[in-house]
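# Summary of the model geometry
Here's the letter readout for the chains.
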Amino acid sequence: MKDIRKEIAGIIASQAGLSEEEALALIEIPPESSKGDYAFPCFKLAKVLRKAPPLIAADIAAKIRDNALFEKVENVNAYVNMFIDKQFFTRLTLEDVAERGDDFGKSDVGGGKTVIVEYSSPNIAKPFHIGHIRSTVIGNAIYKLYDAVGYKVVRINHLGDYGTQFGKMITAYRHWGSEEEVRKEPIKTLLSYYVRFHKEAENDPSLDQEARETFYRLEHGEEEEVRIWEWFRSESLKEFERVYGMLGITFDSYNGESFYSDKMPAVIEELKEKGLLQESQGAQIVDLSQWNMAPALITKSDGSSLYITRDIAAAIYRKKTYDFYKCIYVVASQQNLHFQQWFKVLELMGYDWYKDCVHINFGLVSLEDGTMSTREGRVVFLEDVLNRAVEKTAEIVREKGVNTENIEETSKIVGIGAVIFQELSNSRIKDYVFNWDNVLNFDGETGPYVQYTHARAASVLKNAGVSGSFDVKNMDLSAICSGSAYELIKEIYRFPEVIRDAADKYEPSVLTRHIVDVAQAFNKFYHDEHILVEDETEKNAKLLLTSAAKQTIKNGLALLGMQAPDKM
Ligand code: ARG
């Protein structure tokens, strides 16, 4: 679609003696629509042109006034206020939506460059709890946003399937576990062993020693340890995949921490060669005190590798394998220091591309009755949350007495969508408290509200008998060039820009907010205007707009990983 801001910049640039880029940077969107759709302030030109800003504004206004893009151009003090020709703008926007359909909003600013998005990354044999929902849902939205702006995205689930905790888990299993119990309910059972391990180890430190030795044997490929570990891993994956299925999420790779176990010796060797390793109480570290950071612990005194070592190995492997333009890590802000540390180590190793590794962090999610702790077993399983969302939605839908034929399917789409939407509504860095009333409120700025708006638009179109596409080029659109219809068009026009902005900022909430704006603008139009009027020309223009609003909401929800039901 034509970018109107750029068009204006082009027009003004030649008249004001600026480059198109300079002009573009100066163009503003006035706070009130009475001051135009776009405004150009002339203060900065005063020095160069040696003229008072109001005179410059008058000059520019006179020169651009006749351009067909504008309905009206005014100069008010130092500002040139521009009113876009509404017919032109309406046609431009709605033609684009009609032509591009499900692709409306997408662009190719990424030019096919490869971006890795690493997200979700739960720990095996541990619950996939509500805390993981953030990385999973935010990461999935970031993947979709980058895909939509033209990057080739590789989705990686960096499973926490390695490390000393498996020494603990295996030790606990050997002492108190039963195979049958694990098979029945793998993760909940393994979690209970883990909790027990920590309780017992408080009084019996020899358990910790045993766990360390067990992990050492695992890392050195001892058959028995490897067998149990592989079994834990596959049972856990089955559970995770069930949750991903509910959320409609897939990955290109499940190469987790264990995948790098045989790639670590080379990394440790390289660190040694580059003179970065130091010994400290038997352990190998990289000293980062110069940058006011705790040292990066590379190997323990018994030689076993650590979380950070695996991250360094993974980054080097990914650069070699995918030659990424960016590698995006969607991981909680509790791990800020961890990422700063190993990004610094990469830099010290001389890898310039450390700058292309980005930690996209996010705040904590807590429950109304306190935070969560795996060690104490105080967790809420994500799967239970999703199931409960579906059940609660079914209750609400039944109460409202709508759409009785397909309650089950609708409740899934709406209930799970509600959890996703809530997750992506807050800017990611904020901590938030999970609250059922907020999540499932059909009237607030929620998933159900937006989906309901989509279904409303669908039903308007259905009642009008619209099924095929519109011949926009031959339609008279004057009936929708004012009032709340026009306000809705402005929101729709902004959609592609919002997607680029959300991707740039790694911030899905930018898009979430805009979808709410589109839905609210549509509902205002729906209440203000009678759509199915006698006059065919007017009716068709309004139906075209309804269909464009529906398409925009649908495309927006798809980028968040949500479905848009036609009936609700
Ligand atoms: N498995 C870790 C956890 O659950 C998250 C992994 C984050 N990714 C990374 N490359 N370190 O806390």
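Overview of the structure. All values derive from a computational prediction rather than experimental measurement. (Residues numbered from 1 in each chain as written. Predicted model: local features only at pLDDT ≥ 70, side-chain atom pairs only at ≥ 80, totals over all residues. Heavy atoms only, no water.)

Quick look at the packing of helix 7 (residues 164-176) against helix 11 (residues 223-247) now. Helix 11 packs onto helix 7 with a crossing angle of 95° between their chain directions and a minimal axis gap of 11 Å. Judged by the angle between their axes, helix 7 and helix 11 are roughly perpendicular. In this structure, helix 7 uses Phe 166, Met 169, Ile 170, Tyr 173 and Arg 174 to contact helix 11, whose residues at the interface are Glu 224, Glu 225, Ile 228, Trp 229, Trp 231 and Phe 232. Looking at side-chain class alone, the contact of helix 7 with helix 11 contains 8 nonpolar, no polar and 3 charged residues. (Axes fitted to C-alpha atoms, helices over the stretch in contact; angles between N-to-C directions. Helix = DSSP H or I, 4+ residues; strand = E, 2+ residues; numbered from the N terminus. Parallel < 35°, antiparallel > 145°, perpendicular 65-115°, else oblique. Contact = heavy atoms within 4.5 Å. Nonpolar A, V, L, I, M, F, W, Y, C, P; charged D, E, K, R; others polar.)

Every residue lining the ligand is accounted for by Glu 118, Ser 121, Asn 123, His 132, His 158, Tyr 307, Asp 311, Tyr 329, Val 331, Gln 335 and Phe 339. A distance of 2.8 Å separates a nitrogen atom of the ligand from a polar side-chain atom of Glu 118. In isolation the ligand offers 350 Å² of accessible surface; the protein chains occlude 86% of this area. Residues belonging to the shell around the ligand are distributed by class as follows: 4 nonpolar, 5 polar and 2 charged. (Near = heavy atom within 4 Å. Polar contact = N/O pair within 3.5 Å; in protein donor to acceptor, adjacent residues only side chain to side chain. Areas by Shrake-Rupley, 256 points an atom, 1.4 Å probe, with all protein chains shown as cover.)

A large share of strand 9 (residues 326-330) lies buried, amounting to 4 of its 5 residues. Sheet topology note: the strand 4 (residues 114-118)/strand 9 ladder contains 4 bridges and is parallel. Looking at the pairing, Ile 116 lines up with Cys 327 of strand 9. The pairing of strand 9 with strand 10 (residues 357-360) spans 4 bridges and is parallel. If you follow Tyr 329 over to strand 10, its bridge partner there is His 359. Taken together, strand 9, helix 14 (residues 336-348) and strand 10 constitute a β-α-β crossover, and its handedness is right-handed. (Buried < 20%, exposed > 50% of the residue type's maximum accessible area, 1.4 Å probe, protein only. Pairing = 2+ DSSP bridges. Right-handed = clockwise from strand over helix to strand, strands pointing away.)

Ranked by size, the top nonpolar core spans 148 residues in total, and within it Ile 8, Phe 40, Val 80, Met 82 and Leu 511 carry the most contacts. In terms of residue count, helix 19 (residues 483-504) provides more of this core than any other element does, 11 residues in total. If near-sequence neighbours (up to four positions away) are discounted, Ile 8 is found in contact with Ile 27, Tyr 38, Leu 69, Phe 70, Met 82 and Ile 84. (Core = buried A, V, L, I, M, F, W, Y, C linked by side-chain atoms within 4.5 Å.)

Here we take up the sheet that holds strand 4. Here we have 4 strands laid out as an open sheet, ordered 5-4-9-10, and parallel in their pairing. With partners counted over all chains shown, the strands left at the sheet margins are strand 5 (152-156) and strand 10, one partner each. Within this sheet the neighbouring strands show an average axis-to-axis angle of 20°, counted without direction. Where strand 4 and strand 5 come together, 5 bridges link them in parallel fashion. Along strand 5, the bridge assignment pairs Glu 118 with Ile 156. Sheet strands in contact with helix 13 (residues 307-322) are strand 4, strand 5 and strand 9, and its direction is about 145° off that of strand 4. The strands touched by helix 14 within the sheet are strand 9 and strand 10, with strand 10 carrying the most contacts at an inclination of about 175°.

Now for unusual backbone geometry. Positive phi outside glycine occurs at Asp 323, with the angle close to 40°. With respect to the element layout, Asp 323 can be found in the loop between helix 13 and strand 9. Taking relative accessible area as the criterion, Asp 323 reaches 52% and is therefore assigned exposed. In this model, Tyr 506 sits at a positive phi of 50°, which is unusual for a non-glycine residue. For Tyr 506, a relative accessible area of 10% translates into the label buried.

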